[in-house]
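Observations on the model geometry
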Amino acid sequence: MPFDHNDHYHRLLLRKLPTHGRTALDVGCGTGRFARRLAARGYTVDAVDPSAKVIAEAERIGGGPRFRRTDAASAALPKAHYDVITCLASLHHMPFRTVTRFRDALAPGGTLLVLGCYAGHTWWDLAAVPANAVARAGVSAGERLRGSGPTVVPAPVRAPRMSLTAVRGEASRLLPGARVRQLLYWRYLLTYRVT
């Protein structure tokens with residue numbers, strides 16, 4: 001069976017969830033696949049996305065989260081409310097400083113988990129291009145064979161502009177104590193906990 005990047009990253013994030021708490025915000029939820037996984041874990045989930053089309057599809061599928069069309073970079077977020085805030089492949093669609101809004105919305109002991117995308121500029125990033133193309137083709141072929149491909153709903157796509165070095169620098173400045181771990185395929189995992 002081909003490697004499923006999304007499932008792999010979802011499992012990685014699920015392992016990082018705090019052991020306490022029951023409230024979650026999923027930013028850039030798309031059609032809600034990860035938000036539903038949070039709800040299945042017992043979280044009360046607010047799932048937000050600025051795209052009306054993907055929110056309509058998420059609501060059609062259902063599954064527990066409260067879906068809302070909004071831009072997390074400018075919408076009012078409750079202060080010190082969420083035990084966990086997740087942001088999967090969507091932070092590069094908004095100003096990076098938006099992480100301070102997420103930080104302020106975390107309850108004491110809360111965790112921010114960002115699965116982010118960065119602009120690849122190093123030789124290692126360029127070497128990953130063929131491997132990424134082969135892996136994506138394999139996943140797509142497997143989904144077609146199983147008839148289990150994801151629901152395709154057009155959503156805005158923007159290439160990331162920040163390098164991994166810039167992400168690490170801004171995270172250190174805006175979220176003291178945050179950890180940024182480089183992942184495959186121009187991804188990183190930012191983990192921040194409110195102390």
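Description of the structure in this document. (Residues numbered from 1 in each chain as written. Predicted model: local features only at pLDDT ≥ 70, side-chain atom pairs only at ≥ 80, totals over all residues. Heavy atoms only, no water.)

Below, the discussion takes up unusual backbone geometry. The backbone phi angle of Ala80 is positive, close to 50 degrees, even though this residue is not glycine. Among the secondary structure elements, Ala80 is positioned in the loop between strand S3 (66-69) and strand S4 (82-88). The class of Ala80 is partly exposed, set by a relative accessible area of 44%. For Ala89, which is not a glycine, the phi torsion comes out positive at approximately 50 degrees. Structurally, Ala89 is set in the loop between S4 and helix H4 (99-105). (Helix = DSSP H or I, 4+ residues; strand = E, 2+ residues; numbered from the N terminus. Buried < 20%, exposed > 50% of the residue type's maximum accessible area, 1.4 Å probe, protein only.)

This brings us to helix H6 (residues 164-174). Counting along an α-helix, one turn takes 3.6 residues, and residues three or four places apart therefore face a common direction. The complete set of buried residues in H6 reads Leu164, Val167, Ala171 and Leu174. What you see down the axis of H6 is that its buried residues fit within an arc of 105 degrees, all on one side. Exposed residues pointing more than 90 degrees away from the buried face of H6 are listed as Thr165 and Arg173. (Arc of directions from axis to C-beta.)

Pairing within the open sheet is mixed, and its seven strands lie in the order S3-S2-S1-S4-S5-S7-S6. Where the open sheet ends on each side, the last strands, each with one partner, are S3 and strand S6 (179-183). Across this sheet, the average inter-strand angle for adjacent strands is 15 degrees, counted without regard to direction. Pairing between strand S5 (residues 106-117) and strand S7 (residues 187-193): seven bridges, direction antiparallel. Across the sheet, Thr111 pairs through a bridge with Arg193, a residue of S7. Lying on the sheet, H6 is in contact with S6 and S7; it crosses S6 at an angle near 165 degrees. (Pairing = 2+ DSSP bridges. Axes fitted to C-alpha atoms, helices over the stretch in contact; angles between N-to-C directions. Contact = heavy atoms within 4.5 Å.)

So, about the pattern of salt bridges. Applying the stated criterion across every chain, the model contains six salt bridges. For the salt bridge of Asp7 with Arg37, the shortest nitrogen-to-oxygen distance reads 2.9 Å. Here Asp7 is found in helix H1 (residues 5-15), whereas its partner Arg37 is found in helix H2 (residues 33-40), with 30 residues between them in sequence. A salt bridge links Glu57 to Arg60; the nearest nitrogen and oxygen atoms lie 2.6 Å apart. Of this pair, Glu57 and Arg60 both sit in helix H3 (residues 52-61), three residues apart, which is roughly one turn of the helix. Here Glu57 falls in the buried class, since its relative accessible area comes to 13%. What emerges from the salt-bridge pattern is a single network uniting Asp7, Arg11 and Arg37. (Salt bridge = Lys/Arg side-chain N within 4 Å of Asp/Glu carboxyl O.)

In the structure shown here, the tally under the stated rule is zero aromatic pairs. Positioned above the aromatic ring of Tyr43 is the side chain of Arg22, whose terminal nitrogen or guanidinium carbon lies 4.7 Å from the ring centre. (Phe/Tyr/Trp six-rings, centres within 6.5 Å; stacked < 30°, edge-to-face > 60°. Lys NZ or Arg CZ within 6 Å of the ring centre and 35° of its normal.)

On to the side chain of Thr98, then. Considering the arrangement of structural elements, one finds Thr98 in the loop between S4 and H4. Dropping the residues within four chain positions of it, Thr98 is found in contact with Ala72 and Ala73.

Another aspect to go through is a positive patch on the surface. Taken together, the side chains of Arg15, Arg179, Arg181 and Arg193 present a region of like positive charge at the surface. Arg179 gets classed as exposed once you look at its relative accessible area, which sits at 64%. (Patch = residues over 30% accessible without salt bridge, like charges linked within 9 Å, V, L, I, M, F, W, Y side chains within 5 Å. Areas by Shrake-Rupley, 256 points an atom, 1.4 Å probe, with all protein chains shown as cover. Lys, Arg positive; Asp, Glu negative; His and termini not counted. Charge placed at Lys NZ, Arg CZ, Asp CG, Glu CD.)

Take the pairing of strand S1 (residues 23-27) next. Burial analysis of S1 places five of its five residues in the buried class, which makes it a mostly covered element. Burial along S1 is two-sided: the face carrying Thr23, Leu25 and Val27 and the face carrying Ala24 and Asp26 are both buried. As paired strands, S1 and strand S2 (residues 44-49) are joined by five bridges and run parallel to one another. Bridged to Ala24 within S2 is Val45. Crossover S1 to S2 through H2 is right-handed. The pairing of S1 with S4 spans four bridges and is parallel. (Right-handed = clockwise from strand over helix to strand, strands pointing away.)

Everything listed here is a matter of coordinates, which is why it stays silent on function.
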